[in-house]
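# Examining the three-dimensional arrangement
So the chains spell out like this:
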Amino acid sequence: MSQKPGCCFLGCLFQLCSSKSQEKSKKGSPTPSSSSLDFKMAGKDFLQPSFPALNSQQRLSDAKGRNKVELKPGRSLMDWIRLGRSGADLTGVGGKVLEVDVEELAKHNQKNDAWIALRGKVYNITPYMEYHPGGEEELMRGAGIEGTQLFDEVHKWVNYESMLEKCFVGKLKSTTPVHRRESLAKTNSADSKNGPVPTPSFKVPESPSVPKFDWFQTKTNVTLVVYTKWKLMKPEFVVIDRQGNNFLATLYIEDFIYYLHIELAEAISLNYEVKVNKDTGKTDIILTKEKPEQQWPSLGKHLEKHNRHVKVKDQAIEYRTCCVESVSQVTHDSKLLCLALPEGTRMCVPVGHHVHIRHKVSGMEVVRSYTAVLPTLTGEQDVRVKAGTVIYLMIKIYKNGALTPWIDSLKKGDPVEVSTFTGDFNEDRLSVCQNLVMFAAGTGFTPMVRLIHRSLEDPKSSLNVRLVFFNKKFEDILWYDQLQSLAEKHDRFSCDYILSEADSNWSGKTGRITLDLMKASLPQQTEKSNLLTCACGPTPFTNLVTQFSKELGYSEREYHAFQG
């Protein structure tokens, strides 16, 4: 996932971390810090109405892919933060706290007078119109209505409460539902011309059954067994947090989360192993006894979350305080960070997934999303990545950005709050295609790092891999030397560099993404069924690649866009 300059609806509102201040974990629980951020682990759940809007400025890009919502000077995120701290009345009602009914809310649906209700709170979004990177049209979709559902379909994790705090108008009055039992009874009476009308029945959709759980021990290990019955289950979908004997395993199973929360009877080491049976989804979490040969009388005591089975979208996203272990320069304005997870935590970020980083800027919590990468594409890998104890992030520094100036100042030992991973890329797609073509612009390269590594280093793979890499100047190209080395080493890998602001010394390709360029980069149509195309970059770039893929006749299963 690249750092995108624009995003959709209020969800991209400011790319702030969600909701309320960090809740305190209950005593004795290893649960990480939590906020009301939500995320989607697997699958796409974007429902109608679609976002961005069909006529949104976010979709209206010219063939060069440069059009985005241009903000006026002085309308950046930092300018909005300064305005909020200036003391100006952003409520439009003189700072009074009102009770607003739906009729009154509906009156405020114009660009010069726009209110929105989110989770029962009404905000005046009029002053924010010029600051919204996604454009006024996208913001106006929620004007005059209760916009929580629209907001949640895009980015429920965003901290609109923090950003719109100074725009708070009041609370939305709840409406009491009208009960119609009496009228229904009359309709069903014997006086009906055609006899009694049967009472309508509504079938509630069935939820997947709670996974079965068991355990057993050997002289050296204790194994927790979860029967997920999900054939796409992977070891990466198991996150472990432990403090002392308090053990919490979080399993992401399709659209649900299943918890094992136990106060273990005896001590274990920090070595965890997770194995998954690909045919059945049976998941073994193998713990190493601190005292070998010791027979445990029981597994231990079940704690608060144990055996809970809940929807991912209904759960708060978890944040953990990580520690900066190293910082290295990649290009003149990009850095590679190695972050160590807390002791006792195991979190292996799946391929193509990202995490959020949050930090307070001028009293407001700001969040940005970054795709987990590797320490290198050509050298020896850090075994701790596979063990789930460290995460590598490649981040571009924007001098006038809201968050990256702070990231630029980080040094070894500094704390950083990092969320649980999120994303919807299915790594198994790499096993069923013959050609992988990736279109990346700038830091949109980051999701491609692990796709490239996985495809080239897998001894069973014969996948042909091509990267079409767009940048402004030569010095902006991330890991240029490593990409060149890969191309020399692997016949199956090639990389095209395309610069939009090349100097006179550049002899390679120039320009921006076009339909003709994309068509020339893809294999012949006869091979179409064996193709997977991926794209990541600024929103207009990704939208154009998506559009061109459709125009060229490729289906959804042959294309994936990495978007936040």
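For every chain, the first residue of the written sequence is number 1, and numbering continues from 1 along that sequence. With pLDDT at 70 or above as the cut-off, local features in this predicted model cover only qualifying residues; side-chain atom pairs require 80 or more to be listed or tallied, and sums for whole chains, interfaces and linings still use all residues. Calculation of side-chain values draws on the structure's entire complement of heavy atoms; hydrogens and water are dropped beforehand.

### Some remarks on the overall build of the chain
Stated precisely, the cut-off is as follows: A helix here means a DSSP run of H or I that spans at least four residues, while a strand means a run of E at least two residues long, and both kinds are numbered starting from the N terminus. By the convention used here, residues are in contact when the closest approach between their heavy atoms is within 4.5 Å. Here the open area of atoms and residues is found with the Shrake-Rupley method and a 1.4 Å probe, where only the protein chains shown may cover a residue.
Counting its regular elements, the chain contains 12 helices and 27 strands. For the chain, long-range pairs separated by at least 24 residues make up 74% of all intrachain contacts whose partners lie at least 6 apart in sequence. Put simply, the chain shows about 27400 Å² of open surface, and 49% of that area lies on carbon and sulfur atoms.

### Overview of the sheet that holds strand β7 (residues 212-217)
Condition: Paired strands are those between which DSSP finds at least two bridges. As a rule, the C-alpha atoms of each element are fitted with a line to give its axis, helices using only the stretch in contact, and angles between N-to-C directions run from 0 to 180 degrees.
Overall, antiparallel pairing links the four strands, which are arranged β7-β8-β13-β12 in an open sheet. Unpaired on one side and paired on the other, β7 and β12 (268-276) mark the two borders of the sheet. For this sheet, the mean angle separating the axes of adjacent strands, direction not counted, is 20°. Here six bridges tie β12 to strand β13 (residues 282-289), and the two strands are oriented antiparallel to one another. Within β13, the position partnered with I268 by the bridge is K289.

### What to know about the side chain of S455
The following threshold applies: Under this definition, polar contacts are N or O atom pairs within 3.5 Å; protein pairs additionally need one hydrogen-donor-capable and one acceptor-capable atom, and for neighbouring residues in sequence, both atoms have to be side-chain atoms.
Take S455: it is sitting in helix α9 (residues 446-457). Within the local environment of S455, its side chain forms a polar contact with the backbone oxygen of L451, the two atoms lying 2.8 Å apart. In this structure, S455 is in contact with L430, L436, S461, L463, V465 and R492, ignoring residues within four places of it in sequence.

### Topic: the packing of aromatic side chains
Just so we agree on the cut-off: Working definition: a ring pair exists when centres of Phe, Tyr or Trp rings (six-membered ring for Trp) sit within 6.5 Å. Plane angles under 30 degrees give stacked, over 60 give edge-to-face, the rest tilted. For each residue, the accessible area found with a 1.4 Å probe, counting protein chains only, is set against the maximum for its type, and the residue is called buried under 20%, exposed over 50%, and partly exposed in between. In this analysis the charged atom, NZ for Lys or CZ for Arg, is taken to sit over a ring once it is within 6 Å of the ring centre and within 35 degrees of the ring normal.
Scanning the model with the defined rule gives 14 aromatic pairs in all. When the centroid spacing of 6.4 Å and the interplanar angle of 10° are considered together, the rings of Y128 and Y131 count as stacked. Neither Y128 nor Y131 differs from the other in exposure class; each is buried. Members of the aromatic cluster, connected to one another through ring pairs, are F474, Y480, Y497 and W506. Residue placement shows R358 over the ring face of Y319; its charged tip is 4.0 Å from the ring centre.

### Examining the environment of A267
Along the polypeptide, A267 turns up in the loop between β11 (256-264) and β12. A relative accessible area of 25% places A267 in the partly exposed class. Along the primary structure A267 and N245 are separated by 22 residues, whereas in three dimensions their C-alpha atoms are 6.0 Å apart. For A267, the contacting residues outside a window of four places in its chain are N245, K289, E290 and W296.

### Re the pairing of β11
With eight of its nine residues buried, β11 lies for the most part within the structure. Counting the residues that bridge the hairpin from strand β10 (residues 246-253) to β11 gives two residues, and of these E254 lies at a positive phi of roughly 55°. Sheet analysis places β11 next to strand β15 (residues 309-311), joined by three bridges and oriented antiparallel. By the bridge assignment, I257 is partnered in β15 with V310. Pairing analysis gives three bridges linking β11 to strand β14 (residues 300-302), with the strands arranged antiparallel. Note on β14: the bridge partner recorded for E263 is K301.

### Some thoughts on the pairing of strand β17 (residues 334-340)
In terms of residue burial, β17 counts as a mostly covered element, since seven of its seven residues are buried. Where burial is concerned, the two faces of β17 agree: the one with S334, L336, C338 and A340 and the one with K335, L337 and L339 are both buried. Sheet topology note: the strand β16 (residues 318-331)/β17 ladder contains seven bridges and is antiparallel. From the neighbouring strand, V324 faces β17, where its bridge partner is L339. Joining the antiparallel neighbours β16 and β17 is a turn of two residues.

### Details of the pattern of salt bridges
The test is simple: A pairing counts as a salt bridge when a side-chain nitrogen of Lys or Arg comes within 4 Å of a carboxyl oxygen of Asp or Glu.
Scanning the entire structure with this criterion turns up 21 salt bridges. K234 is the salt-bridge partner of D428, the closest N and O atoms lying 2.8 Å from each other. Linking D428 in the loop between β21 (415-419) and β22 (435-441) with K234 in the loop between β8 (221-227) and β9 (238-243), this pair joins segments that are 194 residues apart in sequence. A salt bridge links R454 to E427; the nearest nitrogen and oxygen atoms lie 3.1 Å apart.

### What about the sheet that holds strand β6 (residues 168-172)?
Within the open sheet, the five strands sit side by side as β2-β6-β5-β4-β3. Their pairing is mixed. Two strands bound the open sheet, and with one partner strand each, they are β2 (98-100) and β3 (109-110).

### Looking at α9
Selection criterion: What a helix should span is 1.5 Å times the count of its residues minus one.
Taking 1.5 Å per residue as the helical rise, α9 with its 12 residues ought to reach 16 Å, and the 17 Å between its terminal C-alpha atoms agrees with that figure. Of all 12 residues in α9, 10 are buried, a share of seventy percent or more. Of all the residues in α9, the buried ones are T446, P447, M448, V449, R450, L451, I452, R454, S455 and L456.

### Thoughts on the side chain of T148
The residue T148 is located in helix α4 (residues 148-155) in this model. A polar contact of 2.7 Å, which involves the side chain of T148, links it to the backbone nitrogen of R119. Here the side chain of T148 touches E146 through a polar contact of 2.8 Å, side chain to side chain. Ignoring anything within four residues of it in the chain, the contact list for T148 reads A117, L118 and R119.

### Topic: the confidence of the model for the chain
Put simply, the rule is: As a per-residue measure, pLDDT reflects the predictor's confidence and takes values from 0 up to 100.
On average, residues of the chain score 83 in pLDDT, and 80% of them are at 70 or above. In this model, residues 177-193 is a region of pLDDT below 50 whose contacts with residues beyond four sequence positions or in other chains number nine contacts.

### A look at the environment of V122
Summarising the element assignment, V122 is placed in strand β5 (residues 121-124). Note: C-alpha distance between V122 and D101 (21 residues apart in sequence) is 9.8 Å. Beyond its immediate sequence surroundings of up to four residues, V122 is in contact with V100, L105, W115, I116, A117, C167, F168, V169, G170, K171 and L172.

### Focus on the state of the cysteines
What counts here: Note on terminology: disulfide denotes any pair of cysteine sulfur atoms within 2.5 Å.
What the rule picks out here adds up to zero disulfides. No disulfide involves C323; its sulfur sits 8.7 Å from that of C322, the nearest cysteine. Residue classification places C323 among the partly exposed residues on the basis of a relative accessible area of 33%.

### Describing helix α12 (residues 539-551)
Its 13 residues place the ends of α12 18 Å apart at the C-alpha level, agreeing with the 18 Å of an ideal helix rising 1.5 Å per residue. With 10 of 13 residues buried, α12 is to be regarded as a mostly interior element. Buried within α12 are the following residues: T539, P540, F541, T542, N543, L544, V545, T546, F548 and S549. In the core, the buried residues of α12 are packed alongside β22, β23 (464-471), α11 (515-521), β26 (531-536) and β27 (559-561). With its phi angle positive at about 90°, G553 sits one or two positions after the end of α12.

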